[in-house]
Amino acid sequence: MRKKIVAGNWKMNNDLIESQSLITEVRGIIRDELRLDNVDVILFPTYFALPSCIRLLEGTGVYSGAQNCHQEKSGAFTGEVSASMVKALGASHVIIGHSERRQYFGENNIICNAKIKAGLEQELTILYCIGETLEERESNTHLDILKSQLIEGLNEINAQQLNNLVIAYEPVWAIGTGKTASAQQAQEIHAFLRKEITTKYGEAVAQRLRILYGGSVKPDNAKELFSQVDIDGGLIGGASLKARDFAEIVRAAQ
Ligand code: PEP
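What you see is a predicted model; the values in this text were computed from it and never measured. (Residues numbered from 1 in each chain as written. Predicted model: local features only at pLDDT ≥ 70, side-chain atom pairs only at ≥ 80, totals over all residues. Heavy atoms only, no water.)

Colleague: Even after reading the chapter, I still don't get the overall build of the protein chain, so can you show me in this structure?
Modeller: Looking only at helices and strands, the protein chain has 11 helices and 8 strands in total. For 254 residues, the compact-globule estimate of 2.2 N^0.38 gives 18 Å, and the C-alpha radius of gyration of the protein chain, at 17 Å, lies within 12% of that figure. C-alpha extents for the protein chain along the principal axes are approximately 45 × 45 × 35 Å. Looking at the protein chain residue by residue over its 254 residues, the buried ones come to 54%. Sequence separation of at least 24 residues holds for 72% of the intrachain contacts in the protein chain that already meet a minimum separation of 6. Total accessible area computed for the protein chain in this model is approximately 11400 Å², and 51% of it derives from carbon and sulfur atoms. (Helix = DSSP H or I, 4+ residues; strand = E, 2+ residues; numbered from the N terminus. Rg over C-alpha atoms; globule rule 2.2 N^0.38 Å. Buried < 20%, exposed > 50% of the residue type's maximum accessible area, 1.4 Å probe, protein only. Contact = heavy atoms within 4.5 Å. Areas by Shrake-Rupley, 256 points an atom, 1.4 Å probe, with all protein chains shown as cover.)

Rendered as structure tokens:
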């Protein structure tokens, strides 16, 4: 039985005051209304709100993470933040390979692989995002694309390390568009990904690995998505910016 995960990716939204107030609101709802014994909840605010997030969530059981990290430990990389810096703050998770990083910042599977290794070295838990574009789906190349994102991204990552890694399947055409993959479409892909993991790492590892769905998950579609056998929760963008919606999605995972 895999424990579900609901993670909120705030992207480049909310200044410090807004972040603190949203974290406080989410914290209140979780404390008063939800249980965390069967779902892991993680918030991914911007880097500068991360210290506040960690402090405000202390003792609540809710995790805090960074939306990205650089693969090098330190050096002349203006504007970047390393995995060791994220770890030193006290964060537990980091997102790697989000489609917006791939699309706007040129991150490919090789870069993602280096970042995954850097994050694992710092004992951060990785949320590794993969997903096909609309063109790739329409030209029926999506399974090949997903397979290469998976295999190249996980190059030289062993079964033991996979205990600290979660896959997030996020079809690019469903992110921030309001178009969700149907529960059946998503399940098909999750089953495909688990099969690929079985081939590379064996059945036991594949059955342990958590695979999240992301792409326009909302309170009204979360339950159906999360009830699919291979869907272990969600990575939530837009709906994670509203405390009540996010809480309802957490509830749907319980
Ligand atoms: C995301 O950015 O990871 C995401 C899934 O966004 P949205 O929920 O807004 O589609």
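More follows now that the structure is in view.
Colleague: Where do I start with the site of the ligand in this structure?
Modeller: Near the ligand you find 14 residues, and of these K11, E170, G176, S216 and G238 are the closest. At a separation of 2.8 Å, an oxygen atom of the ligand approaches a polar backbone atom of G237. Between the ligand and G238, the relevant distance is 2.8 Å, taken from an oxygen atom to a main-chain nitrogen or oxygen of the residue. Protein contacts shield 97% of the accessible area of the ligand, which totals 290 Å² for the unbound molecule. When grouped by side-chain class, the residues that make up the shell around the ligand number 4 nonpolar, 8 polar and 2 charged. (Near = heavy atom within 4 Å. Polar contact = N/O pair within 3.5 Å; in protein donor to acceptor, adjacent residues only side chain to side chain. Nonpolar A, V, L, I, M, F, W, Y, C, P; charged D, E, K, R; others polar.)

Colleague: Is there a simple way to explain the layout of surface pockets in this structure?
Modeller: Think of a ball as big as a water molecule: rolled over the atoms, this probe shows where empty space is left. The computed volume of the largest pocket comes to approximately 490 Å³. Lining the largest pocket are 17 residues, and of these K11, M12, Q67, R101 and F105 lie nearest its centre. Among the elements that line the lining of the largest pocket, the one with the most residues is helix α4 (residues 99-105), at 4 residues. Size it by volume and the second largest pocket reaches roughly 190 Å³. Those elements that place two or more of their residues in the lining of the second largest pocket are β2 (39-44), β6 (165-169) and α9 (203-208). Here the lining of the second largest pocket is built from residues that sort into 8 nonpolar, 4 polar and 3 charged. (1 Å grid on protein atoms, 1.4 Å probe; cavity = no way out; pocket = protein on both sides within 12 Å on 5 of 7 lines; lining within 4 Å. Points joined across faces, edges and corners; volume = space filled by probe spheres on them.)

Colleague: Hey, could you run me through the side chain of S64 in this one?
Modeller: Following the sequence through the fold, S64 ends up in strand β3 (residues 63-66). Given the relative accessible area of 6%, S64 is considered buried.

Colleague: What is the right way to read the pattern of salt bridges from this model?
Modeller: When the charged atoms of two side chains lie near each other, side chains of opposite charge can form a pair. With the rule as written, the count across this model stands at 19 salt bridges. Across the salt bridge formed by R31 and D32, the nearest N and O atoms sit 3.4 Å from each other. Since its relative accessible area comes to 59%, R31 is described here as exposed. For D32, a relative accessible area of 59% puts it in the exposed group. Within this structure, R2, R194, D230 and D232 form a network of salt bridges that share partners. (Salt bridge = Lys/Arg side-chain N within 4 Å of Asp/Glu carboxyl O.)

Colleague: Help me understand the environment of T46, please; the structure alone is not making it clear to me.
Modeller: On the secondary structure map, T46 appears in the loop between β2 and α2 (50-57). Between the C-alpha atoms of T46 and M12, which are 34 residues apart in sequence, the distance is 6.3 Å.

Colleague: What am I meant to see in helix α11 (residues 243-252) here?
Modeller: Count 3.6 residues to each turn of an α-helix, and residues three or four apart come out pointing the same way. Taken residue by residue, α11 has A243, F246, A247, I249, V250 and A252 as its buried positions. The inward-facing, buried residues of α11 contact β1 (4-9), α1 (16-33), β2, α10 (219-226) and β8 (233-236).

Colleague: Sorry, what's going on with the pairing of β2 here?
Modeller: The side chains of a regular strand alternate between both faces of the sheet. Taken across its 6 residues, β2 has 6 buried, putting it largely inside the fold. What you see with β2 is no split at all: V39, V41 and L43 on one side and D40, I42 and F44 on the other are buried throughout. Here 6 bridges tie β1 to β2, and the two strands are oriented parallel to one another. Residue pairing across strands places A7 opposite I42, the latter belonging to β2. Crossover handedness for the path β1 to α1 to β2: right-handed. Direction of pairing for β2 relative to β3: parallel, over a ladder of 2 bridges. Its bridge partner being in β3, L43 is matched across the sheet by S64. (Pairing = 2+ DSSP bridges. Right-handed = clockwise from strand over helix to strand, strands pointing away.)

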